[in-house]
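Residues per chain are reported as follows:
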Amino acid sequence: MTNTQLTLIQIDNYGPWTVTPEPRREMDLQTLQSRLFADLAQFVGSRDGYVFFTRFDNMVAVTNGLDRTDHELMQESIRNRYPVTLSLGVGVDEVPVEALERATEEIQLAGSAQDGDRREVLGGEFYTGSATGDLNIAHFDVNDATGKYTDRLNEFDSFIHIEQGYASLMRHMREAHGALSFFVGGDNIISVCPSLTESEYRSAIEHVESEVGVELKVGVGTGESAHVAGFAAKHALEDCRHRGTDVEFEAAPAQVSDD
Ligand SMILES: Nc1nc2c(ncn2[C@@H]2O[C@H](COP(=O)(O)OP(=O)(O)OP(=O)(O)O)[C@@H](O)[C@H]2O)c(=O)[nH]1
């Protein structure tokens, strides 16, 4: 059984801030958002979690291994260095979308994203265990994106193909399995999944190919943290490349014991 701990990260009162006292230069907002994402990626990543930029004003992090103190430190560090603050909601469930629902409730019940006096909410449930089966990460990749798109089409038309594949996959994984899929650049999509069978992954790949004509392969890893599971998924994806297969699983290597 999986135990996924997810954190919803929401910038407090960001909409009004972007237009006060008048609209701010767009590239300044883009710089702030991408630097904030980079800092959160470093903070969460150094504790073996993953964070996804989603809409930048709201981000989703896989935070198994990060406790309440880590979350408080994240808020403090951003408050000290940025003109904005963060609210954090945390949820745990076997099904990733259910964990996100709980995390979201924590923030939504405390007020609106655009309430001037709702700041730095921190609420929810933390998972204190750590088992190798806690997280399933699936790393999807478009087959030969370089040959089919990057080396043949202009960047915008390549982007349309990749985004269509992403839109089709993210909807299917959400609706069929409660899995959360995030575009991470290039032709890569990372899905945080409950336990799924090989045929369920194959159906997802077939669904995307029949709906939008984009061919995918997927490596699936499990582990006690997003990093461990995600790293195993990357190895499984390499196995797909070497074996010419479309779905491969790889468990995280066993921990080396001191005794
Ligand atoms: N975020 C992320 N991006 C990656 C990773 N590996 C490759 N990419 C991106 O994906 C792009 C395409 O690389 P590949 O997927 O290796 O190339 P491909 O042409 O699709 O070839 P095959 O995957 O072997 O079919 C690269 O330019 C990178 O932007 C990864 O592990 N993580």
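Residues numbered from 1 in each chain as written. Predicted model: local features only at pLDDT ≥ 70, side-chain atom pairs only at ≥ 80, totals over all residues. Heavy atoms only, no water.

1. Some remarks on the pairing of strand β6 (residues 135-142)
Using the following cut-off: The buried label goes to any residue with under 20% of its type's maximum accessible area, the exposed label to any with over 50%, and the partly exposed label to all in between, with areas taken from a 1.4 Å probe on protein chains only. Here a helix means four or more residues in a row that DSSP labels H or I, a strand means two or more in a row labelled E, and each is numbered from the N terminus. Any two strands with at least two DSSP-identified bridges between them are counted as paired.
With 8 of 8 residues buried, β6 lies mostly within the body of the structure. Side-chain alternation along β6 places Leu135, Ile137, His139 and Asp141 on one buried face and Asn136, Ala138, Phe140 and Val142 on a second face that is also buried. Sheet analysis places β6 next to strand β9 (residues 216-223), joined by 8 bridges and oriented antiparallel. From the neighbouring strand, Ala138 faces β9, where its bridge partner is Val220. Relative to strand β8 (residues 188-193), β6 runs antiparallel, the two sharing 6 bridges. Bridge pairing in β8 places Ala138 opposite Ser191.

2. As for the pattern of salt bridges
Put simply, the rule reads: The term salt bridge refers to a side-chain nitrogen of Lys or Arg lying within 4 Å of a carboxyl oxygen of Asp or Glu.
Considering all chains together, one arrives at 14 salt bridges under this definition. Put simply, Glu211 and Arg171 hold a salt bridge, and the shortest N to O gap is 4.0 Å. In this pair, Glu211 sits in helix α7 (residues 198-212) while Arg171 sits in helix α6 (residues 155-177), placing the two residues 40 residues apart along the sequence. The class for Glu211 is partly exposed, based on a relative accessible area of 41%. By relative accessible area, Arg171 is classed as partly exposed at 43%.

3. Considering the pairing of strand β1 (residues 4-11)
Most of β1 sits inside the fold, with 8 of its 8 residues counted as buried. Residues of β1 alternate between two faces, with Thr4, Leu6, Leu8 and Gln10 on one and Gln5, Thr7, Ile9 and Ile11 on the opposite face, all of them buried. Bridge analysis of β1 against strand β4 (residues 86-93) gives 8 bridges, and the strand direction is antiparallel. For Thr7, the partnering residue across the bridge sits in β4 and is Val90. Where β1 and strand β3 (residues 58-62) come together, 5 bridges link them in antiparallel fashion. Looking across to β3, one finds that Leu8 is bridged to Val60.

4. Side note on the domain arrangement of the chain
As a reminder of what qualifies: Where each domain begins and ends is defined by an automated method or by a domain database. Note on definitions: a residue-residue contact is assigned when non-hydrogen atoms from the two residues lie within 4.5 Å. Buried area, as used here, totals the accessible surface that two parts lose on assembly, with accessibility defined by a 1.4 Å probe and the loss added over both.
One can read the domain layout of the chain as domain 1 (4-124) and domain 2 (135-251). Here domain 1 and domain 2 have C-alpha centroids that lie 25 Å from each other. Taken together, the contacts link 16 residues of domain 1 with 19 residues of domain 2. Regarding the contact of domain 1 and domain 2, the summed buried area is about 1,400 Å², with carbon and sulfur atoms giving 78% of it. Ranking the residues of domain 1 by area buried against domain 2 places Asp48, Tyr50 and Phe52 at the top, with a combined share of 39%. Looking at the side of domain 1 that touches domain 2, the elements with two or more residues in it are β1, β2 (50-52), β3 and α4 (96-108).

5. Some remarks on the sheet that holds β6
The line we're drawing: Axes, fitted as lines to C-alpha atoms, cover a helix only where it is in contact. Angles between the N-to-C directions of the axes lie from 0 to 180 degrees.
The 5 strands are arranged β7-β8-β6-β9-β10 in an open sheet whose pairing can be described as mixed. Both outer strands of the open sheet, β7 (180-185) and β10 (247-251), are each paired with one neighbouring strand and no more. Recorded for the sheet is a direction-independent mean angle of 20° between the axes of neighbouring strands. Pairing between β9 and β10: 5 bridges, direction parallel. Bridge pairing in β10 links Gly221 to Glu250.

6. Regarding the packing of helix α2 (residues 26-45) against helix α3 (residues 68-81)
In plain terms, the rule: Angles are sorted into four bins: roughly parallel if under 35 degrees, roughly antiparallel if over 145, roughly perpendicular if 65 to 115, and oblique for all others. Working rule for handedness: look at the near helix, and if it is turned counterclockwise from the far one by less than a right angle, call the crossing left-handed; if clockwise, right-handed. Residues are grouped as follows: nonpolar covers Ala, Val, Leu, Ile, Met, Phe, Trp, Tyr, Cys and Pro; charged covers Asp, Glu, Lys and Arg; every other residue, Gly included, is treated as polar.
It is at 11 Å that the axes of α2 and α3 come closest, and there the two elements cross at 150°. By the angle between their directions, the pair α2 and α3 is classed as roughly antiparallel. Read as a crossing pair, α2 and α3 show a hand that is right-handed. Only Asp70, Leu73, Met74, Ile78 and Arg81 of α3 make contact with α2, whose side of the interface consists of Leu36, Asp39, Leu40, Phe43 and Val44. The residue makeup of the contact of α2 with α3, split by class, is 7 nonpolar, no polar and 3 charged.

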